[in-house]
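A structural walkthrough
So you can see what is in the structure, the chains are spelled out below.
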Amino acid sequence: MKLATWNVNSLKVRLPQVLQWLAENPVDVLCLQETKLTDDKFPVAEIEAAGYQVAFTGQKTYNGVAILSRHPMTEVVKGNPHFEDEQQRLIAASIDGMRVICAYVPNGQALDSDKYGYKLRWLEGLRHWLAEELAAHDKLAILGDYNIAPEDRDVHDPAAWEGNVLVSPPERAAFRQLQDMNLKDAFRLFEQPDKLFSWWDYRQMAFRRNMGLRIDHILLSAPLATRCSACVIDKVPRKWEQPSDHTPVVATLD
DNA sequence: ATGGCGGTGTAGCACCGA
């Protein structure tokens, strides 16, 4: 069983790449963020033709999340029942005995921005909902763009990023609080090469210079972490023409 | 210190992302 997450930065633009990636990497579940599509424009037929069922919730221009699955999905929930939010950033489904949650955590923009407060409140709301979901589902995976680099080793140049969103102590504390709920960062269950990231700015040839951050994560509850045999970042799609600025992260469960 | 790039909307640029 393979679970993956990918912030595609517009599914309209990236659909061919998603289909190509799935053809080469036929994962069981793929969580997408930043689809940027209203539900009436979601490419259901193309994704079903590739062998996947799909659940999605979107809006115009911003946000939007989806779960693609080779196996039946039930109990689909859109949004956080405990956090009123017009922004479409969460979707959950039960798949093959697991609870799978796809999350697009707010960016926060800047530490002095209202959006930063929204980000921290959003994460607090997520925590409360997750506590409930974990009580109901011992096998839970939450995949997505967390917009948090958990540690300095997840940042190409920690000094340059100090004082910025994605690395601030309150955001990192929020990430640790998720880990304190016995959710394991799948990537860190294994020895990994240094300086392996999941996002690189489009500007300044950041990808070529590996000026990136690891902000896309797969968190697994203990019964799933025990079964996890690998977690890799697939940099290949970031090298394609007209790429997303994020690249997929994949966890293998035995 | 700022903007760099890319996507979107409805436009001739402004906004947002990270």
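It should be emphasised that the depicted structure is a prediction, and the values quoted were computed from it without experimental measurement.

Thresholds, definitions, all that
Residues numbered from 1 in each chain as written. Chains lettered and ligands numbered in written order. Predicted model: local features only at pLDDT ≥ 70, side-chain atom pairs only at ≥ 80, totals over all residues. Heavy atoms only, no water. Pairing = 2+ DSSP bridges. Helix = DSSP H or I, 4+ residues; strand = E, 2+ residues; numbered from the N terminus. Contact = heavy atoms within 4.5 Å. Axes fitted to C-alpha atoms, helices over the stretch in contact; angles between N-to-C directions. Near = heavy atom within 4 Å. Polar contact = N/O pair within 3.5 Å; in protein donor to acceptor, adjacent residues only side chain to side chain. Nonpolar A, V, L, I, M, F, W, Y, C, P; charged D, E, K, R; others polar. Parallel < 35°, antiparallel > 145°, perpendicular 65-115°, else oblique. Salt bridge = Lys/Arg side-chain N within 4 Å of Asp/Glu carboxyl O. Buried < 20%, exposed > 50% of the residue type's maximum accessible area, 1.4 Å probe, protein only. UniProt positions renumbered as here; feature names shortened; annotations may be inferred. Expected span 1.5 Å × (residues − 1).

Sheet strands associate in pairs through backbone hydrogen bonding, adopting either a parallel or an antiparallel arrangement. Within the open sheet, the six strands sit side by side as 5-6-7-8-12-9. Their pairing is mixed. Of all strands in the sheet, those with a lone pairing partner are strand 5 (73-78) and strand 9 (184-185), marking the two edges. Running at roughly 175° to strand 7 (residues 98-104), helix 3 (residues 114-136) makes contact with strand 5, strand 6 (90-95), strand 7 and strand 8 (140-145) of the sheet.

Right, let's talk about the protein's contact with DNA strand B for a bit. Around DNA strand B, the surrounding shell holds 25 residues, and the nearest of these are Ser10, Glu34, Asn107, Trp199 and Arg203. Counted by atom, the contact set of DNA strand B within 4 Å of the protein is 66% sugar and phosphate. Here a phosphate oxygen of DNA strand B and a side-chain polar atom of Asn7 are 3.3 Å apart. For the surface near DNA strand B, the element with the most residues is helix 1 (residues 11-24), which contributes three residues. Here the residues of the surface near DNA strand B are counted per class, giving seven nonpolar, ten polar and eight charged.

Across the sheet, six strands lie side by side as 3-4-2-1-14-13; this open sheet has mixed pairing. Across the chains shown, the open sheet's two edge strands, defined by having one partner strand only, are strand 3 (53-57) and strand 13 (228-233). Across the sheet, the mean angle separating the axes of adjacent strands is 10° when strand polarity is ignored. Pairing between strand 3 and strand 4 (residues 65-69): five bridges, direction antiparallel. Along strand 4, the bridge assignment pairs Val54 with Leu68.

Taken N-terminus to C-terminus, the directions of helix 3 and helix 5 (residues 169-179) make an angle of 5°; their axes are 10 Å apart at the nearest point. On the basis of their axis angle, the class for helix 3 and helix 5 is roughly parallel. Across the interface between the two elements, Tyr116, Lys119, Leu120, Leu123, Leu126, Arg127 and Leu130 from helix 3 touch Pro170, Glu171, Ala174, Gln177 and Leu178 from helix 5. Partitioning the contact of helix 3 with helix 5 into residue classes produces eight nonpolar, one polar and three charged.

Applying the stated criterion to the full structure yields eight salt bridges. The residue Glu171 makes a salt bridge to Lys119 at a minimum N-O spacing of 2.5 Å. With a gap of 52 residues between them, Glu171 in helix 5 and Lys119 in helix 3 connect regions that are remote in the sequence. With respect to burial, Glu171 and Lys119 carry one shared label: buried. Here Arg188 ties to Asp154 by a salt bridge, and the two come within 2.6 Å at their closest N and O atoms. Here Arg188, found in the loop between strand 9 and strand 10 (199-200), pairs with Asp154, found in the loop between strand 8 and helix 4 (158-161); they are 34 residues apart in sequence, far enough to count as distant. The network of salt bridges with common partners includes Asp154, Asp185, Arg188 and Arg214.

Okay, the pairing of strand 2 (residues 29-33) next. Strand 2 sits mainly inside the fold: five of its five residues count as buried. Here strand 2 shows two buried faces, one formed by Val29, Cys31 and Gln33 and the other by Leu30 and Leu32. As paired strands, strand 1 (residues 2-7) and strand 2 are joined by five bridges and run parallel to one another. Residue pairing in the sheet places Thr5 in a bridge with Cys31 of strand 2.

According to UniProt, the "active site" (unreviewed entry) feature falls on Tyr104, Asp145 and His246. Considering the C-alpha atoms alone, the annotated residues occupy 143 residues of sequence yet fold into one spot, their largest mutual distance being 12.5 Å. Turning to its location among the elements, Asp145 is positioned in strand 8. Using a relative accessible area of 1% as the deciding quantity, one classes Asp145 as buried.

When you line up the elements, Leu183 lands in the loop between helix 5 and strand 9. By relative accessible area, which is 1% here, Leu183 ends up buried. Between the C-alpha atoms of Leu183 and Ala141, which are 42 residues apart in sequence, the distance is 8.4 Å. Once residues within four sequence positions are removed from consideration, Leu183 is found in contact with Leu130, Leu134, Leu140, Ile142, Leu178, Leu219, Leu220 and Ser221.

Glancing now at helix 1. Along its 14 residues, helix 1 runs 18 Å from first to last C-alpha, staying within 8% of the 20 Å computed at 1.5 Å per residue. Every buried residue belonging to helix 1 is among Leu11, Arg14, Leu15, Gln17, Val18, Trp21 and Leu22, and all of these are buried. If you follow the buried residues of helix 1, they end up packed against strand 1, strand 2, helix 2 (44-49), strand 4 and strand 14 (249-253).

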